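# Remarks on the overall topology
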Amino acid sequence: MYRGSITDKDLIDKVVWECDLCYHFAALVGVQHYVANPHDVIDVNVNGTMLVMNLAYKYEKKMVFASTSEVYGRSLDIPFSEDGDRVLGPTKIDRWCYSTSKAIGEHYAFALAQKGLRMVILRFFNVYGPRLDSIESGRVASIFIGQLLRNKPLTVIGDGAQTRCYTYIDDAIRGIIMAAENPAAEGEVLNLGTDVETSVMELARLLVGLYGKGEIVSITHEEMYGLSYEDIPRRVPDVSKAKKLLGFEATTPIHEGMKKTLDWFIRYFESHEKHV
Ligand code: UDP
């Protein structure tokens, strides 16, 4: 195993040359980074990705590229189908830099595929599970769980009516392997996730219920992320392509996946943070 950055040319050359199949999943992700550090998001996700893909092409390795449902932006064309339009806010709003950085990766993968790269692009929908980010940071599930464990109120942005389709990690991994191994997926872009929609308020209430206690407060998105943030009202995949090509369906119900995630974070908190 090697630890390092995808912007490290020598390391990535070695790693890609040695591998049989290249899962390119490294990226700078998380809304707090998009608004606080757009420079690094773009640098790592664009320059790092081009480096990895150029080497996969050079050494003739098949590549699975982790893209994102964020590429659809705030399109209202629900459910998002792979051929649907991307609808983003202005470039002055830093939130959209991640979407754009991943879309460049997709374009670049298609460009290299024209020259012979074997690849598949996966757009993930709010994947969650044990080890998701650190407590109280990252994505909404880890933020809410951290707040529960520290006896702080759960910060629901706005009225909490905005929705996401929370996809449990085990389902995502199953889909990734199916996509990597099935020749039918080669050269394709696929949504990977559940199409079961959950509002942020429902998620907050579910986690409070699973934990047995907890308060919920409403805050504005300016309070949470400042002025360079905009939200996405609904994000739902059209899952028919992954089902047809791979036979893939995400099956873990949200209460089951969130329970496993919460239990893991409780254990982590007990053994790492509580005693510090
Ligand atoms: N959200 C929230 N409270 C928080 C963090 C996030 O209500 O403390 C909401 C956010 O506005 C969004 C949803 O939860 O609608 C998912 O946010 P996340 O940062 O996980 O990623 P996104 O799906 O927006 O990329």
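The structure contained in this document is the topic of the report that follows. Remember, it's a predicted structure, so these values are computed and weren't measured experimentally. (Residues numbered from 1 in each chain as written. Predicted model: local features only at pLDDT ≥ 70, side-chain atom pairs only at ≥ 80, totals over all residues. Heavy atoms only, no water.)

## What to know about the nonpolar core
Rule in force here: For this analysis, a nonpolar core means a set of buried residues of the types Ala, Val, Leu, Ile, Met, Phe, Trp, Tyr and Cys, connected via side-chain atoms within 4.5 Å. Only protein chains enter the accessibility calculation, which uses a 1.4 Å probe. A residue is then buried if its area is under 20% of the maximum for its type, exposed if over 50%, and partly exposed in between. For the purposes of this entry, the term helix denotes a DSSP run of H or I that reaches at least four residues, the term strand denotes a run of E that reaches at least two, and both are numbered from the N terminus. In this analysis, two residues are considered to be in contact whenever any of their non-hydrogen atoms come within 4.5 Å of each other.
Among the nonpolar cores identified, the biggest contains 24 residues, and Tyr 128, Phe 144, Tyr 166, Leu 203, Leu 207, Met 258 and Phe 265 are the most heavily contacted of them. Those elements that place two or more of their residues in this core are α5 (140-149), β5 (154-157), α7 (200-211) and α10 (254-273). Setting aside residues no more than four positions away along its own chain, Leu 207 makes contact with Ala 141, Phe 144, Ile 145, Leu 148, Met 258 and Leu 262. Listed in part, the 19 residues of the second largest apolar core include Ile 6, Cys 22, Val 44 and Ala 56.

## As for the site of the ligand
For clarity, the threshold we go by: Near is defined per residue: the residue qualifies when any heavy atom it owns lies within 4 Å of the molecule or strand. N or O atoms within 3.5 Å of each other form a polar contact, as long as, within protein, one can give a hydrogen and the other can take it, and as long as residues adjacent in sequence are counted only when both atoms are side-chain atoms. Only the protein chains shown count as cover for residues, and the accessible areas themselves come from Shrake-Rupley with a 1.4 Å probe. Definitions used throughout: a 1 Å grid over protein atoms alone; a cavity as a set of points that fits a 1.4 Å probe which cannot get out; a pocket as an open set with protein on both sides within 12 Å along at least five of seven lines; a lining residue as one with an atom within 4 Å of a point. Each molecule is checked against the cavity or pocket grid, and it sits inside if more than half of its atoms lie within 2 Å of the grid points.
Around the ligand, the structure places 18 residues, and the nearest of them are Val 140, Thr 155, Arg 164, Asp 231 and Arg 235. Measuring from an oxygen atom of the ligand, one finds a backbone N or O atom of Ile 157 at 2.8 Å. At 3.1 Å, a side-chain N or O of Tyr 229 approaches an oxygen atom of the ligand. Bound to the protein, the ligand loses 97% of the 520 Å² it would expose on its own. Assessed atom by atom at 2 Å from the grid points, the ligand resides in the largest pocket. For the shell around the ligand, the secondary-structure elements that each account for two or more residues are α5 and β5.

## A closer look at the packing of α5 against α10
Counted only if it meets this: Interaxial angles span 0 to 180 degrees and are taken between N-to-C directions of axes, which are lines fitted to C-alpha atoms, for helices over the stretch in contact. Just so you know how the angles are binned, under 35 degrees is roughly parallel, over 145 roughly antiparallel, 65 to 115 roughly perpendicular, and the rest oblique. Handedness of a helix crossing follows the sense of rotation of the near helix relative to the far helix, less than a right angle counterclockwise being left-handed and clockwise being right-handed. Ten residue types, Ala, Val, Leu, Ile, Met, Phe, Trp, Tyr, Cys and Pro, are classed as nonpolar, four, Asp, Glu, Lys and Arg, as charged, and the remainder, Gly among them, as polar.
Packing of α5 against α10 leaves a shortest axis separation of 10 Å and a crossing angle of 50°. Considering the angle they form, α5 stands oblique to α10. For α5 against α10, the interelement crossing comes out right-handed. Taking contact as the criterion, the partners of Ala 141, Ser 142, Ile 145, Leu 148 and Leu 149 in α5 are, on α10, Met 258, Thr 261, Leu 262, Phe 265, Ile 266 and Phe 269. Among the residues making up the contact of α5 with α10, the classes are represented as nine nonpolar, two polar and no charged.

## A few points about the environment of Phe 265
Among the structural elements, Phe 265 can be located in helix α10. Along the primary structure Phe 265 and Ile 42 are separated by 223 residues, whereas in three dimensions their C-alpha atoms are 30 Å apart. In this structure Phe 265 touches Gly 129, Arg 131, Leu 132, Asp 133, Ser 134, Ile 135, Ser 142, Ile 145 and Leu 149, once residues within four positions along its chain are discounted.

## Observations regarding the packing of aromatic side chains
The relation between two aromatic rings is expressed through the spacing of the ring centres and the mutual angle of the planes. Our working definition: Note on ring pairs: Phe, Tyr and Trp rings are taken, using the six-membered ring of Trp, and paired if centres are within 6.5 Å. Classes follow the plane angle, with under 30 degrees stacked, over 60 edge-to-face and the rest tilted. A ring is considered to have a charge above it if a Lys NZ or an Arg CZ atom is located within 6 Å of its centre and within 35 degrees of its normal.
This model, assessed by the stated rule, comprises nine aromatic pairs. Put simply, the rings of Tyr 23, Phe 25 and Phe 124 touch in pairs and so form one group of aromatic residues. We note Arg 95 situated over the ring of Trp 96; from NZ or CZ to the ring centre the distance is 5.4 Å.

## Remarks on unusual backbone geometry
Cis peptide bonds are those with omega within 30 degrees of zero, and the linkage from Ile 78 to Pro 79 qualifies with -5°. Structurally, the position occupied by Pro 79 is in the loop between β2 (62-68) and α4 (97-114). Despite not being glycine, Arg 131 shows a phi value in the positive range, around 70°. Judged by its relative accessible area of 63%, Arg 131 falls in the exposed class.

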